[in-house]
Amino acid sequence: MVELIEKLQKYFTLPFVQYAMIVGLLIALCSSLLGVTLVLKRFSFIGDGLSHVAFGAMAVAIVAGITNQMLIIMPVTVASAILLLRTGQNTKIKGDAAVAMISVGALALGYMLINIFSKSANVAGDVCSTLFGSTSILTLTKLEVQLCIALAAVVVVLFVLFYNKLFAVTFDESFSKATGVKSDIYNLLIAIVTAVIIVLAMNLVGSLLISALIIFPALSAMRVFKSFLSVIICSAVISVVCAAVGLMVSILMSTPVGATIVSADIAVFFIFWIISLFKRG
Amino acid sequence: MSEREVQISCVGCSLGYEGETVVSDINFEVRAGDYLCILGENGSGKSTLVKALLGLKSPNTGEIRRGGGVGAGEIGYLPQQTVVQRDFPASVREIVQSGCLGKTGLRPFYNAAEKALAAKNMERLGITDLAKRCYRELSGGQQQRVLLARALCAADKILLLDEPVTGLDPKAQLDLYELISKLNKNGITIIMVSHDINAAMMFSSHILHIGGQKQLFFGSKDDYMNSPVGRSFILSEGGEIDG
Ligand SMILES: Nc1ncnc2c1ncn2[C@@H]1O[C@H](COP(=O)(O)OP(=O)(O)OP(=O)(O)O)[C@@H](O)[C@H]1O
Ligand SMILES: [Mg+2]
């Protein structure tokens with residue numbers, strides 16, 4: 001035990017481990033804040049779809065040989081978020097079918113592009129690491145960390161400022177519209193922020209596992225807590241703790257970062273599920 | 001007080017979705033203190049009309065006018081229940097307070113006056129002791145009271161209720177109807193969508209009956225009971241009102 005702690009202490013003096021920790025915790029915090037709203041609004045499928053779009057965009061960026069991949073991934077994902085939101089509200093096209101179409105399409109095309117054009121010798125490895133998270137969390141530059149901190153700060157501030165409006169729009173959209181809340185703007189805001197978080201989280205857990213990061217803490221918290229505020233706080237705490245534990249475990253035991261964090265989230269979900277059974281019984 | 005102000009008037013309205021007309025040629029007006037019941041079969045367009053009255057949806061033709069100090073966003077609304085609400089983790093106080101949101105404008109948090117208003121309306125509907133409870137664990141009747149308190153926070157002049165008693169047992173239905181009637185006697189205008197012809201006959205002052213894509217009747221309750229539409233509807237729905 002002492003040995004492990006010493007080993008951790010040694011790791012935490014390294015800047016790249018510190019960066020990974022900061023970025024990981026911030027991403028976990030942001031995704032859990034938004035997760036509650038997404039789950040309750042039945043928007044979680046949009047998160048799933050967007051993560052695939054982000055993968056497709058990354059493939060394009062890789063193929064085009066662009067060094068700052070964010071420049072392509074971010075606008076494409078935000079644009080798709082807006083598009084998905086629109087089609088989701090359209091009564092003629094089935095929202096979920098549209099999302100499935102876009103997300104699977106982006107996945108397939110992205111994989112095709114990488115396969116055909118990639119100059120890398122290890123295509124399967126590259127793809128696997130973008131899908132399931134890679135070591136890129138451990139190779140962050142100072143600039144990327146600063147960008148992440150800034151974006152996370154914006155997300156948290158927006159969330160606090162619009163907390164009451166988000167609650168109302170999530171709980172009952174037509175009522176809040178009737179009382180003069182511009183719910184369309186808030187839906188748009190939710191979609192854009194979701195896109196931003198997904199792009200950020202791709203570094204941490206990879207595009208296939210992002211949904212888990214968004215959904216699990218919210219679902220766990222909702223099992224046990226009964227007011228909106230307590231659910232939000234609890235899910236933020238769960239998400240941050242799981243990210244911290246997951247990161248440490250993965251450093252110590254060299255397991256894949258994303259999968260370890262998500263495993264921790266799943267474990268917590270089961271614990272909360274059991275607690276809720278006892279509470280009821 | 002002899003001539004009460006017109007709060008909402010609907011002139012030659014036709015409503016529909018994406019080019020398909022659901023109901024057309026709607027004409028009626030609601031005056032301060034009225035209790036209007038909107039009757040009609042499933043799918044006749046009652047909720048659609050409600051959305052139009054709230055300003056969530058504009059009429060295809062015709063016009064909805066508001067007056068008597070009732071601006072947009074000043075109508076309290078009790079929606080037909082949606083699925084999302086069923087498993088929503090929210091405390092009663094959080095939900096009632098959200099009714100004040102229209103008053104906050106760009107201010108991010110509720111001020112003391114708004115919190116007091118929420119508390120007052122919870123008191124008024126007898127749900128103060130439920131304030132910290134979880135909405136999804138309340139009974140149907142309690143849930144409707146919570147939503148009614150929220151609606152009262154949004155507006156204290158006029159309430160629009162879309163089938164408020166659906167899913168309640170007869171006792172809870174009667175309680176809720178009496179509560180609404182009491183609010184009406186205190187001067188709040190009520191517009192209520194209902195299937196329940198007996199309740200409509202018992203509590204309302206005016207009836208709007210829509211069906212077959214048009215307006216079948218609008219007028220006072222007494223006129224309705226003596227009209228052919230009214231009489232046949234009362235008979236077919238098994239109403240127990242004698243004359
Ligand atoms: N969002 C929508 N898009 C397209 N058509 C709709 C929409 N909502 C309702 N309709 C249609 O409009 C018609 C009227 O619906 P509405 O909900 O107003 O009926 P209602 O009188 O409230 O019925 P109920 O008694 O079941 O509540 C129905 O035929 C319905 O299919
Ligand atoms: Mg209806």
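Residues numbered from 1 in each chain as written. Chains lettered and ligands numbered in written order. Predicted model: local features only at pLDDT ≥ 70, side-chain atom pairs only at ≥ 80, totals over all residues. Heavy atoms only, no water.

Caption draft 1: Focus on the interface of chain A and chain B. With 28 residues of chain A in contact, the opposing surface of chain B contributes 34 residues. For the chain A and chain B pair, buried surface summed over both sides reaches about 2700 Å², with 62% attributable to carbon and sulfur atoms. When the buried area of chain A at its contact with chain B is split by residue, Phe171(A), Phe175(A) and Lys226(A) rank highest and sum to 28% of it. The tally of links between chain A and chain B comes to 2 salt bridges. Among the ionic pairs, Arg150(B) bridges to Asp172(A), the shortest N-O distance being 2.9 Å. Those elements that provide at least two residues to the side of chain A that touches chain B are α7 (142–161), α8 (163–171), α9 (173–178) and α12 (228–253) of chain A. Sort the elements by how many residues they give to the side of chain A that touches chain B and α8(A) lands first, with 7 residues. Taken together, the residues that form the side of chain A that touches chain B break down as 15 nonpolar, 7 polar and 6 charged. (Contact = heavy atoms within 4.5 Å. Buried area = accessible area lost by both parts, 1.4 Å probe. Salt bridge = Lys/Arg side-chain N within 4 Å of Asp/Glu carboxyl O. Helix = DSSP H or I, 4+ residues; strand = E, 2+ residues; numbered from the N terminus. Nonpolar A, V, L, I, M, F, W, Y, C, P; charged D, E, K, R; others polar.)

Caption draft 2: Region of interest: the site of ligand 1. All names here are of chain B. Near ligand 1 lie 13 residues; those nearest to it are Gly43, Lys46, Ser47, Thr48 and Gln80. Between an oxygen atom of ligand 1 and a side-chain N or O atom of Asn42, the distance comes to 2.9 Å. Between an oxygen atom of ligand 1 and a main-chain N or O atom of Gly45, the distance comes to 3.0 Å. Taken by itself ligand 1 offers 640 Å² of open surface, and the protein chains cover 63% of this. Per-element tally for the shell around ligand 1: the top contributor is helix α1 (residues 46–54), with 3 residues. When its residues are assigned to classes, the shell around ligand 1 shows 2 nonpolar, 8 polar and 3 charged. (Near = heavy atom within 4 Å. Polar contact = N/O pair within 3.5 Å; in protein donor to acceptor, adjacent residues only side chain to side chain. Areas by Shrake-Rupley, 256 points an atom, 1.4 Å probe, with all protein chains shown as cover.)

Caption draft 3: Structural view of the coordination of the magnesium ion (ligand 2). Residue and element names in this part refer to chain B. Taken together, the protein ligands of the magnesium ion (ligand 2) are Ser47 (OG) and Gln80 (OE1), with distances of 1.9 to 2.3 Å. One end of the pair, Ser47, is in helix α1; the other, Gln80, is in the loop between β5 (76–78) and α2 (92–98), and 33 residues separate them in sequence. We classify Gln80 as partly exposed; its relative accessible area is 33%. (Donors = N, O, S within 2.8 Å, 3.2 Å for Na, K, Ca; no water. Buried < 20%, exposed > 50% of the residue type's maximum accessible area, 1.4 Å probe, protein only.)

Caption draft 4: Main features of the nonpolar core. Residue and element names in this part refer to chain B. Counting residues in each nonpolar core, the largest one holds 156 residues, and the members touching the most others are Phe28, Val96, Ile127, Leu148, Leu159 and Ile191. Looking at which domains feed residues into this core, each of domain 1 (1–75 + 177–243) and domain 2 (82–154) gives three or more. With near-sequence residues (within four places) excluded, Val96 lies in contact with Ala118, Met122, Ile127, Val146, Ala149, Arg150 and Cys153. (Core = buried A, V, L, I, M, F, W, Y, C linked by side-chain atoms within 4.5 Å. Domains from an automatic or database assignment.)

Caption draft 5: Expanded view of unusual backbone geometry. Phi is positive for Ser254(A), close to 40°, though the residue is something other than glycine. Of note, Glu163(B) is a non-glycine position whose phi angle comes to about 45°, a positive value. When its relative accessible area of 12% is taken as the criterion, Glu163(B) is described as buried.

Caption draft 6: Up close: the confidence of the model for chain B. Confidence in the prediction of chain B, expressed as mean pLDDT, is 86, and 93% of residues score 70 or more. Overall fold confidence (pTM) sits at 0.84, and the ipTM for the predicted complex is 0.82. (pLDDT = per-residue confidence, 0-100.)

Caption draft 7: Layout of helix α4 (residues 112–124) of chain B. Residue and element names in this part refer to chain B. Look at α4: 18 Å from first C-alpha to last across 13 residues, which is about the 18 Å you get at 1.5 Å a residue. For α4, the complete set of buried residues consists of Glu114, Ala118, Asn121 and Met122. Buried residues of α4, viewed axially, fall in a sector of 105°; they line one side. Of the residues in α4, the exposed ones pointing more than 90 degrees away from the buried face are Ala112, Ala113 and Glu123. For α4, the secondary structure elements touched by its buried residues are α2, α3 (101–104) and α5 (140–154). Residue Asn111 occupies the N-cap position of α4, its side-chain oxygen lying 3.2 Å from the main-chain nitrogen of Ala113. (Expected span 1.5 Å × (residues − 1). Arc of directions from axis to C-beta.)

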